[in-house]
Amino acid sequence: MTYPLVGDLAADGIPVAVTCRVLGFSKQAYYAWKARPVTPADLQRAHLINAAMGVHRDDPEFGYRFIADELTDAGLQASANTVWSLCREAGIVSTVHRRRRSGKKAGPPVHDDLVHRQFTADGPDRLWLTDITEHPTGEGKLYSCAIKDAWSGGSWATRGTHA
């Protein structure tokens, strides 16, 4: 909240209009805030934010759920949703974040298993195995393909192309 700063600067002789213009809000909003009395709910919110900042300062890995538990242990009444709202308002975030998964799962096989998992051959050029892999890069996707003769075990060709 920057409205108290406007009042402090006005007391030092800096015009309210200049301060509001520099801080990016209207004079009317400042004067409306100044005319409105501080409610008990505002005081309670400020007290909870201060307590949450203290808990976060002690252990910055705590997220809002743990902060809510600590506030309850300290005798302050606040639901987890209220603590989430206060933490969001005050910019309190955990230093540990969960990795978000993309939600993508491997799809079904592209083709049926024609060799029924038998990867041996009794002569050359009777069974060829292939695979293609997609790798995201900074320039796009890179597709890598391998072709292998099952009898010799040697690879015939390996090629990568950008798409």
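Residues numbered from 1 in each chain as written. Predicted model: local features only at pLDDT ≥ 70, side-chain atom pairs only at ≥ 80, totals over all residues. Heavy atoms only, no water.

Student: Please set out a negative patch on the surface residue by residue, giving values where relevant.
Tutor: Negative charge collects at one region of the surface, where Asp58, Asp69, Glu70 and Asp73 lie side by side. With 3 residues, helix α5 (residues 64-73) is the single largest residue contributor to the negative patch. By secondary structure assignment, the location of Asp58 is in helix α4 (residues 40-58). The exposed category is assigned to Asp58, whose relative accessible area is 69%. (Patch = residues over 30% accessible without salt bridge, like charges linked within 9 Å, V, L, I, M, F, W, Y side chains within 5 Å. Areas by Shrake-Rupley, 256 points an atom, 1.4 Å probe, with all protein chains shown as cover. Salt bridge = Lys/Arg side-chain N within 4 Å of Asp/Glu carboxyl O. Lys, Arg positive; Asp, Glu negative; His and termini not counted. Charge placed at Lys NZ, Arg CZ, Asp CG, Glu CD. Helix = DSSP H or I, 4+ residues; strand = E, 2+ residues; numbered from the N terminus. Buried < 20%, exposed > 50% of the residue type's maximum accessible area, 1.4 Å probe, protein only.)

Student: Which residues make up the packing of aromatic side chains, and what are the values?
Tutor: Scanning the model with the defined rule gives 6 aromatic pairs in all. Residues Tyr3 and Tyr30 carry aromatic rings whose centres are separated by 6.4 Å and whose planes lie at 50° to one another, so their mutual orientation is tilted. Separated by 27 residues along the polypeptide, Tyr3 in helix α1 (residues 3-11) and Tyr30 in helix α3 (residues 27-35) bring together distant segments of the chain. According to the relative accessible area criterion, Tyr3 is buried, its value standing at 17%. Members of the aromatic cluster, connected to one another through ring pairs, are Tyr3, Phe25, Tyr30, Tyr31 and Trp33. (Phe/Tyr/Trp six-rings, centres within 6.5 Å; stacked < 30°, edge-to-face > 60°.)

Student: Got a sec to walk through the packing of helix α2 (residues 16-23) against α3? Specific residues and values, please.
Tutor: Contact geometry for α2 and α3: axes closest at 9 Å, N-to-C directions at 110°. Viewed along their axes, α2 and α3 adopt a mutual orientation that is roughly perpendicular. On the side of α2, the interface is formed by Val16, Ala17 and Cys20, while α3 contributes Lys27, Tyr30 and Tyr31. Here the residues of the contact of α2 with α3 sort into 5 nonpolar, no polar and 1 charged. (Axes fitted to C-alpha atoms, helices over the stretch in contact; angles between N-to-C directions. Parallel < 35°, antiparallel > 145°, perpendicular 65-115°, else oblique. Contact = heavy atoms within 4.5 Å. Nonpolar A, V, L, I, M, F, W, Y, C, P; charged D, E, K, R; others polar.)

Student: Break down the environment of Thr120 for me, with residues and values.
Tutor: Along the chain, Thr120 falls in the loop between α6 (80-90) and β1 (128-137). Separated by 68 residues in the primary sequence, Thr120 and Ala52 place their C-alpha atoms 65 Å from one another.

Student: Now, about the pairing of β1: what can you tell me, with residues and values included?
Tutor: Of the strand pairs in this sheet, β1 and strand β2 (residues 140-149) are connected by 10 bridges, and their pairing is antiparallel. Along β2, the bridge assignment pairs Thr137 with Gly140. Linking β1 to β2, which pair antiparallel, is a turn of 2 residues. (Pairing = 2+ DSSP bridges.)

Student: Tell me what's going on with the pattern of salt bridges, and back it up with residues and numbers.
Tutor: In the structure shown here, the tally under the stated rule is 2 salt bridges. Glu89 is paired through a salt bridge with Arg45; the nearest N and O atoms lie 2.7 Å apart. Residue Glu89 is found in helix α6, and its partner Arg45 is found in helix α4; the two are separated by 44 residues along the sequence. Residue classification places Arg45 among the partly exposed positions, given a relative accessible area of 31%.

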